[in-house]
Amino acid sequence: MQQTPLVLTSCRAATIAADGFGLIEDAALVLDAGRIAWVGPAADLPAEHAGHPRQDLGGRLVTPALIDCHTHVVHGGNRAGEFEMRLHGASYEEVARAGGGIISTVTATRAASEQALVAAALPFVDAMIAEGVAVIEIKSGYGLEADTELRMLRAARTIGQQRPVTIRTTYLAAHAVPPDYKGRADAYVDEVCLPTLHAAHAEGLVDAVDGFCEGIAFSPAQIERLFKLAVSLGLPVKLHAEQLSNLGGAALAARYGALSADHLEYLDESGVKAMAAAGTVAVILPGAFYTLRETQMPPIALLRAHGVPMAIATDMNPGSSPMSSLLLAMNMGCTLFRMTPQEVLAGATIHAARALGLADRGTIAPGQVADLAVWNADHPAELSYRIGFNPLHHRIIGGVL
Ligand code: DI6
Ligand code: FE
């Protein structure tokens, strides 16, 4: 951590305000004790900071560091074979019902040690960091039994110790019904999901609780039992909702004050209204839409009209979204869903922070954590405009270059 305040100069700052990029030409930022102390036009820099050390950013663009608020980056194995099956015509649901899909990753994850899970995830985590990401949410959900669910969450915490990145963990045992509980989803919830949540929480491994509310996964009633326990433990909830069909998952999540409802291709207006009323963030995941060749678009215009904050994330996972580039997710949000460059940048910063319950990240303002990304770019729209090019110059994490 910097001992004295550091002044960043010669930059253009996109502060990411609720109503736009908040672009400040010829900006200065003061970083002190890991936080942003001041931001504004360089000409207005308070005299008290005039004598502090300076870092010239060469006219580059500065934004809040990016936040990937929905990933399954800790997992064993990969599903390139299933990718080939789907190219030959099998659907995601057919593959899942045939025992492939999530369950094949469960087999590989159960066989992996914590160390192996960390080692497998790090190349993807490093790719995220190289694109200016400072916070990564990581879900469990490929164990579907106590030991492996806990091991996945421990692996996620270990990644946060091995890399300069903030990790937020999400408990997702309600991701799929394991083969030994086939046809007995209620028993799986009672015997595995609920007791393992107690254990994971007791070990400090859970920042939020998630589920997959879908015909091939869990019903709203089953999810609700999980949410009741989460609320009683003081843990926030979120939900994979309305991804393949509309079961009213987003409205259920909103009733429990969820931080976010994610995917949402099949969300209807009543679900949008419920989310708006509850302040639940819509997490848009174009990587899964693209990979599954989905044609039903999430209701972006309705979400916009009702003022629901939209985040954007990679959904990095071995099946439906083998994509670790948040910049590509932002580009897809624009090109596939007609979100604006401003919306996707807010979606990968301020709204992503909110989807994780982090009030002190994702915007450039006094008091915020000094997690910043410095880009070889003139305008923030360049971040979502290019495809497969990384314009990051460097990150500043906790005020440290
Ligand atoms: N929806 C998804 O897109 C991922 N999980 C979920 O509930 C898929 C995870 C996988 O296919 O491994
Ligand atoms: Fe997901």
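Residues numbered from 1 in each chain as written. Chains lettered and ligands numbered in written order. Predicted model: local features only at pLDDT ≥ 70, side-chain atom pairs only at ≥ 80, totals over all residues. Heavy atoms only, no water.

## Some words on the pairing of strand E1 (residues 6-14)
Look at any regular strand and the pattern is simple: side chains alternate between the two faces of the sheet.
Working step 1: Here E1 lies mainly inside the structure; 7 of its 9 residues are buried.
Working step 2: Across 6 bridges, E1 lies against strand E2 (residues 23-32) in antiparallel orientation. Among the inter-strand pairings, valine 7 is bridged to a residue of E2, identified as valine 30.
Working step 3: Bridge analysis of E1 against strand E4 (residues 54-64) gives 6 bridges, and the strand direction is parallel. Across the sheet, valine 7 pairs through a bridge with arginine 54, a residue of E4. (Buried < 20%, exposed > 50% of the residue type's maximum accessible area, 1.4 Å probe, protein only. Helix = DSSP H or I, 4+ residues; strand = E, 2+ residues; numbered from the N terminus. Pairing = 2+ DSSP bridges.)

## A few points about the site of ligand 1
Working step 1: As a matter of local geometry, ligand 1 sits amid 14 residues, with Arg79, Tyr92, Tyr142, His175 and Ser320 nearest to it.
Working step 2: A distance of 2.6 Å separates an oxygen atom of ligand 1 from a polar atom in the side chain of serine 320.
Working step 3: Bound to the protein, ligand 1 loses 100% of the 320 Å² it would expose on its own.
Working step 4: Classifying every residue of the shell around ligand 1 gives 4 nonpolar, 8 polar and 2 charged. (Near = heavy atom within 4 Å. Polar contact = N/O pair within 3.5 Å; in protein donor to acceptor, adjacent residues only side chain to side chain. Areas by Shrake-Rupley, 256 points an atom, 1.4 Å probe, with all protein chains shown as cover. Nonpolar A, V, L, I, M, F, W, Y, C, P; charged D, E, K, R; others polar.)

## A short note on the sheet that holds strand E7 (residues 166-174)
Working step 1: Overall, parallel pairing links the 8 strands, which are arranged E5-E6-E7-E8-E9-E10-E11-E12 in an open sheet. Each end of this open sheet is capped by a strand with a single partner; those strands are strand E5 (66-68) and strand E12 (310-312). Shown here is a sheet whose adjacent strand axes are inclined to one another by a mean of 25°, direction ignored.
Working step 2: Relative to E12, strand E11 (residues 281-284) runs parallel, the two sharing 3 bridges. Each residue of the ladder has a partner; that of isoleucine 284, found in E12, is isoleucine 312. (Axes fitted to C-alpha atoms, helices over the stretch in contact; angles between N-to-C directions.)

## Notes on the packing of helix H6 (residues 185-202) against helix H7 (residues 220-232)
Working step 1: Contact geometry of H6 with H7 gives a least axis separation of 10 Å together with a crossing angle of 20°. Relative to H7, the element H6 lies roughly parallel. For the crossing formed where H6 meets H7, the hand is right-handed. Contacts from Ala185, Asp186, Val189, Asp190, Cys193, Leu194, Leu197 and His198 of H6 reach H7 at Gln222, Arg225, Leu226, Leu229 and Ala230.
Working step 2: Grouping the amino acids of the contact of H6 with H7 by side-chain chemistry returns 8 nonpolar, 2 polar and 3 charged. (Parallel < 35°, antiparallel > 145°, perpendicular 65-115°, else oblique. Left-handed = near helix turned anticlockwise from the far one by under 90°. Contact = heavy atoms within 4.5 Å.)

## Digging into the environment of threonine 109
Working step 1: Position of threonine 109 relative to the elements: it lies in helix H3 (residues 102-110).
Working step 2: Overall, the relative accessible area of 0% leaves threonine 109 in the buried class.
Working step 3: Sequence separation between threonine 109 and glycine 141 is 32 residues; the distance between their C-alpha atoms is 9.7 Å.
Working step 4: Contacts of threonine 109, omitting those with residues within four sequence positions, involve His75, Gly76, Leu117, Tyr142, Thr148, Arg151 and Met152.

## Considering the confidence of the model for the chain
Working step 1: The pLDDT averaged across the chain works out to 96; a share of 99% of its residues lies at or above 70.
Working step 2: The weakest mean pLDDT in the chain belongs to helix H2 (residues 92-97) at 82; the strongest belongs to E5 at 99. (pLDDT = per-residue confidence, 0-100.)

## Thoughts on the nonpolar core
Working step 1: Membership of the largest hydrophobic core comes to 100 residues, with the highest contact counts inside it found for Leu66, Ile159, Tyr171, Val206, Val209, Met330 and Trp375.
Working step 2: The element best represented in this core is H6, accounting for 9 residues.
Working step 3: When neighbours within four sequence positions are excluded, tryptophan 375 is seen to be in contact with Arg60, Leu61, Thr63, Leu66, Glu131, Leu327, Leu383, Asn390, Pro391, Leu392 and His393.
Working step 4: Grouped together as the second largest cluster of nonpolar side chains are 17 residues, Ile24, Ile36, Val39 and Leu372 included. (Core = buried A, V, L, I, M, F, W, Y, C linked by side-chain atoms within 4.5 Å.)

## Points about H7
Working step 1: With 13 residues, H7 extends 18 Å between its outermost C-alpha atoms, agreeing within 8% with the 18 Å of an ideal straight helix rising 1.5 Å per residue.
Working step 2: Residues Gln222, Ile223, Leu226, Phe227, Leu229 and Ala230 constitute the buried set of H7. All buried residues of H7 lie within an arc of 160° about the axis, which places them on one face of the element. When the buried face of H7 is taken as reference, the exposed residues oriented beyond 90 degrees from it are Ala221, Lys228 and Ser232.
Working step 3: Looking at the buried residues of H7, the elements they touch are E7, H6, strand E8 (208-213), strand E9 (238-241) and helix H8 (249-255).
Working step 4: Count one or two residues on from H7 and you reach glycine 234, which has phi positive near 80°. (Expected span 1.5 Å × (residues − 1). Arc of directions from axis to C-beta.)

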